[in-house]
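# Chains, contacts and geometry: an overview
One-letter residues, chain by chain:
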Amino acid sequence: GQDILGKIEHQMLQNGSESWINTSRLILRNERGEAIGTMGISRDVSELHRSKQTLAHEREFLNTIINSIQDGIFVKDADSRYLLSNESHARSIGANSPQEVIGKFTSDFLSDNYTQAAIDQDNEILNSDSSDPITHQLLCELKNGERKLFRCTKRQISIGNEKEKGMLGILYQLDTETNTSYKI
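As the structure is a computational prediction, the values presented were derived from the model and not from experiment.

It is worth spelling out the nonpolar core at this point. As a rule of thumb, nonpolar side chains are buried together in soluble globular proteins. Membership of the largest hydrophobic core comes to 15 residues, with the highest contact counts inside it found for Tyr82, Ile93, Val101 and Phe109. At the level of secondary structure, the elements contributing two or more residues to this core comprise β6 (134-141) and β7 (147-158). The residues touching Val101, leaving out its near neighbours within four places in the chain, are Tyr82, Ser85, His89, Ala90, Ile93, Ala95 and Phe109.

See below:
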């Protein structure tokens, strides 16, 4: 008794292959509103479905690789908003997971006294005409009061379309006493 619009249906064909169909079916009614038939349109979307599955698999694979890296990795947009954070980066700035970082800013994780220096470094990268990496060393105080020394290599990247600037960063935590790297 109801129309079906844009329903994706899985079909197993007699030859053993499978397909995915986008189906819409409408009830045809006469002038009294009584059902007198149906009308439908189906479109094979198998290739689109397979492409989405492949993309999802590749995204999961890339996330596994990024989260396996011991160094902190992050990506920010032109407003310095986090678009990506791996687990090491999230932990290093006081978050419990990358999901707690995405969509937030440096100021959400550093104390007010240390935020501006980090923002200035981001702006140096984002406003540069070069995509050459720049390495900074920065003593930071997290919102929880913990102080950490980082060496961070950042470079400008294109995100979304080619005209939209962003930034890729790799964060190394340094021992504040010896100024040497150690695993985050």
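So, next bit.
Moving on to a nonpolar patch on the surface. A cluster of nonpolar side chains, contributed by Leu28, Ile36 and Met39, occupies part of the molecular surface with about 290 Å² of accessible area. One can find Ile36 in strand β3 (residues 35-44).

Most of strand β4 (residues 72-77) is tucked away: six of the six residues are buried. Because side chains alternate across β4, one face comprises the buried residues Gly72, Phe74 and Lys76, and the other comprises Ile73, Val75 and Asp77, equally buried. As judged from the six bridges shared by β4 and strand β8 (residues 165-174), these two strands associate in the antiparallel manner. Bridge pairing links Phe74 to Gly169 in β8. In the sheet, β4 pairs with strand β5 (residues 82-85) via three bridges, with the strands oriented antiparallel. Across the sheet, residue Phe74 finds its bridge partner in β5, namely Ser85.

About the thresholds
Residues numbered from 1 in each chain as written. Predicted model: local features only at pLDDT ≥ 70, side-chain atom pairs only at ≥ 80, totals over all residues. Heavy atoms only, no water. Core = buried A, V, L, I, M, F, W, Y, C linked by side-chain atoms within 4.5 Å. Buried < 20%, exposed > 50% of the residue type's maximum accessible area, 1.4 Å probe, protein only. Helix = DSSP H or I, 4+ residues; strand = E, 2+ residues; numbered from the N terminus. Contact = heavy atoms within 4.5 Å. Patch = residues over 30% accessible without salt bridge, like charges linked within 9 Å, V, L, I, M, F, W, Y side chains within 5 Å. Areas by Shrake-Rupley, 256 points an atom, 1.4 Å probe, with all protein chains shown as cover. Salt bridge = Lys/Arg side-chain N within 4 Å of Asp/Glu carboxyl O. Pairing = 2+ DSSP bridges.

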